[in-house]
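Architecture at a glance
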Amino acid sequence: MRPILSLLFGVALLLLGAGLLNTLVPVRASEVGFGDGLIGGLSSAYFAGFFIGTFIAPTLVRRIGHIRAFAFYSVCCTCTALLHTLADAAALWLLARLLLGAALVGMYTVIESWLNAQAEPRHRGKVFATYMVVNLGALALSQQLLRIDAQAFVAFVLVALLISAASLPVLLTRQALPQFPPAPRLHLRRLFQTTPTAGAGALLSGLAMGAFWGLMPVYLVRAQLDAAAVGTVMSMTILGGAALQWPVGYLSDRFDRRLVLTLVCLTATVAALLVPLAVRHGAALMVVAFVFGGMAFAIYPIVVAHLVDHLPPEDLLAASSSALLLTGLGSALGPLVAGALMAGLGPNMLFAWFALMLGGIAVFAAHRYRAFRRRRGTGGNFLPMLRTSHASLDLLAEPAGAPRAPDDGADTGRDATDQPSPPSSRP
């Protein structure tokens, strides 16, 4: 782990700042009088920038190198954080959120491709697990920074300081710079043909979780919770996502993933519907938030594990990138639609939106499981993971020459429609 300590320290500082900013913006926007629809638009702008930056970052990193790219993106994030302090103007904040999303995904790309290059194949699982712990731990801790009682601009300045400081350990590293791998081609049609459950799960979970990040703090503010309580609820949700991924993964590796996905999404749906009932009861709200986060954050890893079950190694990275693309599109659209529903029909519509999206995954996965009930394939294992950049998917790739389960559907129990069709059967 020694060669990547500086990168992990930079990740911790970066996520402390970015995690605080992503909750601070909707809270502050609500305080200055932005409507729910506009606040949803702010979150959509962020994820749109995240989506656009995914395609810009590889070219920039190849052109100027990892260290200079990280410094460049760090300055961009710092500037966009400080833009929020200039004026409470919707257009300015929309621009800042768009730029921040593009810059943050660039920083993730630098960090994750660097981690991938430094980690030996036999240690990738350990490296990625450590990265996930640092990532989610910093995100959870960042929510507690909302407790700082000061003028509004001070929190934005703190964000800028943390993100700027994140570049220091990276700039001081003496590790050799990695070569940036070529970006995989994205085949959405192939993804839905091969693993329709994974395609639907990636899209609908993005629609739900994009709305969660952008509008959950707004709902809590509307429910008369103070900033400290908002931070605590968000922290409990993130901690639930970190704590319950492993037990959910244990079940996912032993039963058909579609069945586990159905149960996980149904549990998340019930938890979401209980939030409005528990919001006035502190302890109950914390428990419900923990369960919701534990279930909702586990959906994407199950989707990727399901992909691994049904794809050969050479197609895994491209298909996983397609799933990431669908999740990004959903994350950009979800806050916009959910924000409009909240503005027109009331704040509780946020949880109706969660129930609709997560319940939709449950219904679709249950249909697939019922129609093709067989033994689950053993092609891959569940790995707790995060949705950041395409480079993170390299850390999940199997080492060259690693043994892999047979592809014969009769032996592994994989259903025919979750396998690529033979060329002669395609139009």
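Criteria and cut-off values
- The residue count restarts for each chain, going from 1 along the sequence in the order it is written.
- Side-chain atom pairs in this predicted model are given and counted only at pLDDT of 80 or more, local residue features only at pLDDT of at least 70, and totals for whole chains, interfaces and linings cover all residues.
- Side-chain calculation: all heavy atoms of the structure are included, whereas hydrogens and water are not.
- Elements are defined by DSSP. Helices are runs of H or I of four residues or more, strands are runs of E of two residues or more, and each kind is numbered from the N terminus.
- Residue burial is assigned from relative accessible area. The probe radius is 1.4 Å, only protein chains are included, and a residue is buried under 20% of its type maximum, exposed over 50%, and partly exposed in between.
- Working rule for contacts: check all heavy atoms of both residues, and any pair within 4.5 Å makes them a contact.
- Computed with the Shrake-Rupley method and a 1.4 Å probe, the accessible areas treat only the protein chains shown as cover for residues.
- Take the residue count of a helix, subtract one, and multiply by 1.5 Å to get its expected span.
- For this analysis, a polar contact is any N or O atom pair within 3.5 Å, provided that within protein one partner can donate a hydrogen and the other can accept it, and provided that sequence-adjacent residues contribute only side-chain to side-chain pairs.
- Basic side-chain nitrogens of Lys or Arg form a salt bridge, by our definition, when they fall within 4 Å of a carboxyl oxygen of Asp or Glu.
- Here the bend at a residue is taken as the angle between two axes, fitted respectively to the seven residues that end there and the seven that start there.

Another aspect to go through is the overall build of the chain. When helices and strands are counted, the chain shows 16 helices and zero strands. Per-residue burial over the chain gives 56% buried out of 427 residues. Sequence-distant contacts in the chain: of pairs separated by 6 or more residues, those separated by 24 or more amount to 86%. Entry remark: accessible area of the chain is about 17200 Å², with carbon and sulfur atoms responsible for 67%.

In this model helix α10 (residues 257-278) runs 30 Å from its N-terminal to its C-terminal C-alpha over 22 residues, within 8% of the 32 Å that 1.5 Å per residue would give. Where α10 begins, the side chain of aspartate 256 points an oxygen toward the backbone nitrogen of arginine 258, at a separation of 2.8 Å.

What follows deals with the pattern of salt bridges. Per the stated rule, a full pass over the model turns up four salt bridges. Between arginine 28 and aspartate 88 there is a salt bridge, and its shortest N-O distance comes to 3.9 Å. In this pair, arginine 28 sits in helix α1 (residues 5-31) while aspartate 88 sits in the loop between α3 (66-83) and α4 (90-118), placing the two residues 60 residues apart along the sequence. Accessibility expressed as a relative area gives 44% for aspartate 88, which makes it partly exposed. Within the structure, one salt-bridge network assembled from shared partners comprises Arg28, Glu31 and Asp88.

Below, the discussion takes up helix α2 (residues 36-64). Taking 1.5 Å per residue, 29 residues should reach 42 Å; α2 reaches 40 Å between its end C-alpha atoms and fits that length. Of all the bends found along α2, the most pronounced is centred on threonine 54 and spans about 35°, while proline 58, a proline, follows it within four residues. Phi turns positive, to about 90°, at glycine 65, one or two residues after α2.

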